[in-house]
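Topology and contacts: notes
Spelled out, the chains give:
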Amino acid sequence: MMLARAFQRAGNVILGMAFLPSRDPAEPFPGYLIPAAYQSFAETERLSQVFIPSRQGRILPLPLLAQSAAGLGHVILDFDPDGALRREFLGIEHGDALFPPLALSIAKRYLGLSPKEITFVPGTEIRAGASDPIRIPLDARTTTLINYYGPGNMIPSYSIVDILSGKVNKAVFRDKAVLIGGAAIGIADLWPTPFSPAFRGVEKQATLVENILSRDFLQVPDWDFWYTLGCMFGFALFLALVITRLSLYASLPLLLICLSLPVAISYLAFVRHSLF
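Keep in mind that what you see is a predicted model, and the values were worked out from it rather than measured.

1. Things to note about the packing of helix H3 (residues 102–111) against helix H5 (residues 201–213)
Here H3 crosses H5 at 50°, and the two axes come no closer than 9 Å. Between H3 and H5, the interaxial angle falls into the category oblique. In the packing of H3 onto H5, the handedness of the crossing is right-handed. Touching Leu 102, Ala 103, Leu 104, Ile 106, Ala 107, Tyr 110 and Leu 111 of H3 are Gln 205, Leu 208, Val 209, Ile 212 and Leu 213, all from H5.

2. A word on the pattern of salt bridges
Pairing is possible between side chains that carry opposite charge, provided their charged atoms lie close to one another. Tallied over the entire structure, the rule returns ten salt bridges. Arg 86 is the partner of Asp 80 in a salt bridge, and the nearest nitrogen-oxygen pair spans 3.0 Å. Assigned by exposure class, Asp 80 and Arg 86 land together as buried. Asp 132 serves as the salt-bridge partner of Arg 215, at 3.5 Å between the closest nitrogen and oxygen. Placement of Arg 215 in the loop between H5 and helix H6 (224–241) and of Asp 132 in the loop between strand S10 (125–128) and strand S11 (134–137) is noted, with a sequence separation of 83 residues between them. Residue Arg 215 is classed as partly exposed on the basis of its relative accessible area, which comes to 41%. Overall, Asp 132 belongs to the exposed group, its relative accessible area being 60%. Several salt bridges converge on common partners, so that one network encompasses Asp 80, Asp 82, Arg 86 and Arg 87.

3. Topic: the side chain of Asp 78
Relative to the elements of secondary structure, Asp 78 occurs in strand S5 (residues 77–79). Judged by relative accessible area, Asp 78 falls into the buried class, the value being 7%. Side chain to side chain, Asp 78 and Arg 141 meet in a polar contact 3.2 Å long. The contact partners of Asp 78, leaving out residues within four places of it in the chain, are Ala 84, Leu 85, Arg 86, Arg 87, Phe 89, Arg 141 and Thr 143.

The rules behind the values
- Residues numbered from 1 in each chain as written.
- Predicted model: local features only at pLDDT ≥ 70, side-chain atom pairs only at ≥ 80, totals over all residues.
- Heavy atoms only, no water.
- Axes fitted to C-alpha atoms, helices over the stretch in contact; angles between N-to-C directions.
- Helix = DSSP H or I, 4+ residues; strand = E, 2+ residues; numbered from the N terminus.
- Parallel < 35°, antiparallel > 145°, perpendicular 65-115°, else oblique.
- Left-handed = near helix turned anticlockwise from the far one by under 90°.
- Contact = heavy atoms within 4.5 Å.
- Salt bridge = Lys/Arg side-chain N within 4 Å of Asp/Glu carboxyl O.
- Buried < 20%, exposed > 50% of the residue type's maximum accessible area, 1.4 Å probe, protein only.
- Polar contact = N/O pair within 3.5 Å; in protein donor to acceptor, adjacent residues only side chain to side chain.

Below you can see the structure in the form of structure tokens.
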């Protein structure tokens, strides 16, 4: 009861929720769940061309806490075939509604946006805001790439013990989006990422919040397939028409240049233009 009252006084607490696979239809929504769903959609004719994950089971916060919170967001993870977390589901279908992830709900509350100012455009983007909106890239699987900043501890974190004991100046939290999560041994949610085999779940959420607030997104360009195909055929032609006609000493430097050029172009595209 005291925690619920604290949520109400703060007016800015966002809680996580989980949706689970289930063969049974979703149960009727409690009243506090409906406002958490997307309210605004555009280009809905594209819905048939994209994949939206559906989960009909759910795990929600305690009703008293959920009713007192300012919003909810899902915490469903999307693992790549190698087991790493590179993407985030920006929409989960539950019942006849579509729900955003926790990080987007946090960013929406931080920016003071209403539900109508978050627009879901299938397979293209999510627009946050009316004027000069933040455009979050969205692929055909309803995911976006997470732009990690390093192997961990790249976003400032503080022990709750140090905060309660007064060792941390509370001014560091002023005008910040603050996420609370487990980090102690035995209770931390740790997940593999491209940078670390054990990345804290709360920092993964904070990373995506920072991506949104700073508009710092990774994007897969439309020409990615043709670029990859061109590199493959170009390298094959180079081997067939050039390397086979040269001596070993003459062909080795050219081969190294041929192998290094696509790597250099990809690296520059990633670092300079956030292209993945």
